[in-house]
Amino acid sequence: MVPAPRIRGVARYFDLHPDNPQPRLISQIAEILRADGLIAYPTDSCYALGCRPGNKEGLDRIREIRGLGSDHHFTLICRDFAQFGQFVHLSNALFRQVKAATPGGYTFILPATKEVPRRLLHPRKKTVGVRIPDHVVTQALLAELGEPLVSSTLLLPDETEPSTQGWEIKERLDHVVDAVIDSGECGATPTTVVDFSQDEPEILRRGTGDTSLFE
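Residues numbered from 1 in each chain as written. Predicted model: local features only at pLDDT ≥ 70, side-chain atom pairs only at ≥ 80, totals over all residues. Heavy atoms only, no water.

## Some remarks on helix H1 (residues 23–34)
Taking 1.5 Å as the rise per residue, H1 with twelve residues should run 16 Å; its terminal C-alpha atoms sit 16 Å apart, in good agreement. Listing the buried residues of H1 in full gives Leu25, Ile26, Ile29, Ala30, Ile32 and Leu33. The arc that holds the buried residues of H1, viewed along the axis, is 155 degrees, so those residues lie on one side. When the buried face of H1 is taken as reference, the exposed residues oriented beyond 90 degrees from it are Pro23 and Arg24. For H1, the elements touching its buried residues are strand E1 (12–15), strand E2 (39–41), strand E3 (48–51), helix H5 (136–145), strand E7 (149–153) and strand E8 (179–182). Positive phi shows up at Asp36, right after H1, with a value of about 65 degrees. (Helix = DSSP H or I, 4+ residues; strand = E, 2+ residues; numbered from the N terminus. Expected span 1.5 Å × (residues − 1). Buried < 20%, exposed > 50% of the residue type's maximum accessible area, 1.4 Å probe, protein only. Arc of directions from axis to C-beta. Contact = heavy atoms within 4.5 Å.)

This is the structure in structure tokens:
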């Protein structure tokens, strides 16, 4: 089920080169995000919905599109470890483990710092998901934006697999997102999710990342 249309209008469609994304288009997408827009964009695992961390309406729109409850773990998509470290607590030993697996198809659940807005936290655990993607277009956008993206896998409530084609997403979500980025077919397997909030790592979801690193 696709959510009801919004008054805002149709989504802008951006066709980006997968290896050399056009700087002019990246800049335009960043401006949409800065204006509190919501985008559908490709990653190294699958398509995702994304907005700025301070965009409360954007978070509400993601919840509505995906049919999410209040205990959903949002993910902060970070450009690098310098940005990563601003938002989560990471011991030296844990840093080495996480660094060995990034950038790539992993999302890590970690205790959040005070830099993370409360509305992004798990209501009971005070944790947040973080990851560094290995995707040229996403990295270019993060560099231009200068802050993380709050993100959630683009999986609609009545579906078992995410959409993989930008043009298809544009057709389905035209009136509920502000922009769709297309840089070629994206994968349909979400990230591996590893919870590091307790004493031992716990695999919450098996996806693109090799789980043997944490078992």
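## Some details on unusual backbone geometry
A negative phi holds for most residues other than glycine; trans holds for most peptide bonds. A cis amide bond, omega -5 degrees, links Thr102 with the succeeding residue Pro103. Assignment of secondary structure puts Pro103 in the loop between helix H4 (92–100) and strand E5 (106–111). Phi is positive for Asp36, close to 65 degrees, though the residue is something other than glycine. When its relative accessible area of 30% is taken as the criterion, Asp36 is described as partly exposed. We note that Lys126 has phi near 60 degrees; this positive angle belongs to a residue other than glycine. Of note, Lys126 is situated in the loop between E5 and strand E6 (127–131). By relative accessible area, Lys126 is classed as partly exposed at 43%.

## Remarks on the nonpolar core
Judged by nonpolar contacts, the single largest core of 42 residues is most densely connected at Leu49, Leu76, Phe84, Phe108 and Val177. Going through the elements one at a time, E3, helix H2 (56–66), helix H3 (81–87), H4, E5 and E6 are the ones with two or more residues in this core. Excluding anything up to four places from it in sequence, Phe84 contacts Cys78, Leu90, Val98, Phe108, Leu110, Val130, Arg131 and Ile132. Of all hydrophobic cores here, the second largest spans 19 residues; its members include Leu25, Ala48, Ile77 and Leu141. (Core = buried A, V, L, I, M, F, W, Y, C linked by side-chain atoms within 4.5 Å.)

## Remarks on the layout of surface pockets
The space that makes up the largest pocket amounts to roughly 390 Å³. Around the largest pocket sit 24 residues that line it, and Thr75, Ser152, Thr153, Thr191 and Arg205 are the ones nearest its centre. Only strand E4 (75–77), E5, E7 and strand E10 (202–205) provide two or more residues apiece to the lining of the largest pocket. Looking at the lining of the largest pocket, the element that brings in the most residues is E7, giving three residues. Tallied by class, residues from the lining of the largest pocket come to eleven nonpolar, ten polar and three charged. (1 Å grid on protein atoms, 1.4 Å probe; cavity = no way out; pocket = protein on both sides within 12 Å on 5 of 7 lines; lining within 4 Å. Points joined across faces, edges and corners; volume = space filled by probe spheres on them. Nonpolar A, V, L, I, M, F, W, Y, C, P; charged D, E, K, R; others polar.)

## Some remarks on the pattern of salt bridges
One pass over the full model with this rule turns up ten salt bridges. Here Arg131 makes a salt bridge to Asp44, at a shortest N to O gap of 2.7 Å. Taken together, the residues Arg131 in strand E6 and Asp44 in the loop between E2 and E3 connect sequence positions 87 residues apart. Under the relative-accessibility criterion, Asp44 is labelled partly exposed at 24%. The residue Arg61 makes a salt bridge to Asp178 at a minimum N-O spacing of 3.0 Å. Here Arg61, found in helix H2, pairs with Asp178, found in the loop between helix H6 (166–172) and E8; they are 117 residues apart in sequence, far enough to count as distant. Taken together, the shared-partner salt bridges connect Asp36, Arg52 and Glu147 into one network. (Salt bridge = Lys/Arg side-chain N within 4 Å of Asp/Glu carboxyl O.)

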